[in-house]
Amino acid sequence: MIKKTNIIIGVLALQGAVEPHIKMLKQLGVDATAVRSPEEIDQIDGLIIPGGESTTVGKLMARYGIDKKIIIRAKEGMPIMGTCTGMILLAKEIVESAQLRLGLIDCAILRNAFGRQVDSFEADLSIDQIGEPAYRAVFIRAPYALKTGDNVNVLARHNGRAVLIRQGNLLGCAFHPELTDDTRVHEYFLQLVKDWVKEGSAC
Ligand code: GLN
């Protein structure tokens, strides 16, 4: 078997904030590419589902058959980080909505959860996994996880609300880590990808 040396991260590019993720990943020295088809999802080592509008992204995923492919790769253990809309789409349950979701993270997500009057805001989060100093997070019409299953770890809260969650290879992030200069959330995700690739190449 040929040993792969380069890690490739795909950023789902159906709609939403794609470029800032690609830029940040490149800044961290990894190959990053926009992905739009099931074939492309097969060729990556990790996936970011960016912010946007979750009903639109859900419909487009189903139209192109990407949802099924993402579910298969997630179950193989490929790391996936969903930011904002991406977090919503990864959930098993979306409160009071029948919209398409991937159903991968055992949680119930509330959309636009910080109140319509507060379209966007910034807040300092304390995240043990990335250490000091506090992480300045940008929230835009953000969701949070109202309920999480026993297999889900809450890595960060804002005013008691779960805004960064992890279930094994899956990360759900209510804020926009691509819109700051702080690369630590992407670095944390990249470490999951590196560990997964290393495990794979050892067998
Ligand atoms: N409110 C949007 C939704 O429900 C998410 C907003 C975002 O991704 N910044 O999809």
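Residues numbered from 1 in each chain as written. Predicted model: local features only at pLDDT ≥ 70, side-chain atom pairs only at ≥ 80, totals over all residues. Heavy atoms only, no water.

### Some details on the overall build of the protein
- In terms of helices and strands, the protein carries six helices and twelve strands.
- Against the globule reference of 17 Å for 203 residues, the protein gives a C-alpha radius of gyration of 16 Å, in line with a compact fold.
- Projected onto its principal axes, the C-alpha positions of the protein cover 55 × 40 × 35 Å.
- Evaluated residue by residue, the protein yields a buried proportion of 53% over its 203 residues.
- Counting contacts in the protein only where the partners sit at least 6 residues apart, residues at least 24 apart contribute 66% of the total.
- In the structure as shown, the protein presents an accessible area of about 9,700 Å², 47% of it carried by carbon and sulfur atoms.
- If the 24 positive side-chain charges of the protein are averaged to one point and the 24 negative ones to another, these points end up 4 Å apart. (Helix = DSSP H or I, 4+ residues; strand = E, 2+ residues; numbered from the N terminus. Rg over C-alpha atoms; globule rule 2.2 N^0.38 Å. Buried < 20%, exposed > 50% of the residue type's maximum accessible area, 1.4 Å probe, protein only. Contact = heavy atoms within 4.5 Å. Areas by Shrake-Rupley, 256 points an atom, 1.4 Å probe, with all protein chains shown as cover. Lys, Arg positive; Asp, Glu negative; His and termini not counted. Charge placed at Lys NZ, Arg CZ, Asp CG, Glu CD.)

### Some words on the pattern of salt bridges
- Taken as a whole, this structure holds six salt bridges when the rule is applied.
- The salt bridge involving Arg73 is made with Glu76; its shortest N-O contact spans 3.1 Å. Placement of the pair is Arg73 and Glu76 together in helix 4 (residues 66–76), with a separation of three residues, close to one helical turn.
- Here Arg136 and Glu122 are joined by a salt bridge, their closest N and O atoms 3.2 Å apart. Of this pair, Arg136 sits in strand 8 (residues 135–140) while Glu122 sits in strand 7 (residues 120–125), and the two are 14 residues apart along the sequence.
- Salt bridges linked by common partners bring Glu122, Asp124 and Arg136 together as one network. (Salt bridge = Lys/Arg side-chain N within 4 Å of Asp/Glu carboxyl O.)

### Considering the site of the ligand
- In the neighbourhood of the ligand, the contacting residues comprise Gly51, Gly52, Glu53, Ser54, Cys84, Thr85, Ile88, Arg111, Asn112, Ile140, Arg141 and His176.
- Contact between the ligand and Arg111: an oxygen atom at 2.6 Å from a side-chain N or O atom of the residue.
- Take Asn112: an N or O atom from its side chain is 2.7 Å from a nitrogen atom of the ligand.
- Split by residue class, the shell around the ligand holds three nonpolar, six polar and three charged. (Near = heavy atom within 4 Å. Polar contact = N/O pair within 3.5 Å; in protein donor to acceptor, adjacent residues only side chain to side chain. Nonpolar A, V, L, I, M, F, W, Y, C, P; charged D, E, K, R; others polar.)

### Let's talk about helix 4
- Here helix 4 has its buried residues at Ile66, Asp67, Lys69, Ile70, Arg73 and Ala74. Around the axis of helix 4, the buried residues are gathered within 160° of arc, so they sit on the same side. Pointing more than 90 degrees away from the buried face of helix 4 are the exposed residues Lys68 and Lys75.
- Following helix 4 by one or two positions, Gly77 adopts a phi angle in the positive range, close to 110°. (Arc of directions from axis to C-beta.)

### Details of unusual backbone geometry
- At the junction of Glu132 and Pro133, the peptide bond is cis and its omega measures out at -5° in the coordinates.
- Turning to its location among the elements, Pro133 is positioned in the loop between strand 7 and strand 8.
- The phi angle at Cys84 is positive, at roughly 55°, despite the residue not being glycine.
- Structurally, Cys84 is set in the loop between strand 4 (80–83) and helix 5 (85–90).
- With a relative accessible area of 5%, Cys84 lands in the buried category.
- Here the phi dihedral of Arg141 falls at roughly 40°; this positive angle occurs in a residue that is not glycine.
- Structurally, Arg141 can be placed in the loop between strand 8 and strand 9 (144–148).
- Using a relative accessible area of 43% as the deciding quantity, one classes Arg141 as partly exposed.

### Structural notes on the environment of Arg161
- For Arg161, the location among the structural elements is in strand 11 (residues 161–167).
- The exposure class assigned to Arg161 is partly exposed, which follows from its relative accessible area of 39%.
- Each C-alpha atom of the pair Arg161 and Ala113 lies 9.7 Å from the other, and the pair is 48 residues apart in sequence.
- In this structure Arg161 touches Phe114, Tyr144 and Ala156, once residues within four positions along its chain are discounted.
- At a separation of 3.3 Å, a polar atom in the side chain of Arg161 contacts the side chain of Tyr144.

### Re the packing of aromatic side chains
- Evaluation of the coordinates by the stated rule reveals six aromatic pairs.
- Among the aromatic residues, those joined into a ring-pair cluster are Phe114, Phe121, Tyr135, Phe139, Tyr144 and Phe175. (Phe/Tyr/Trp six-rings, centres within 6.5 Å; stacked < 30°, edge-to-face > 60°.)

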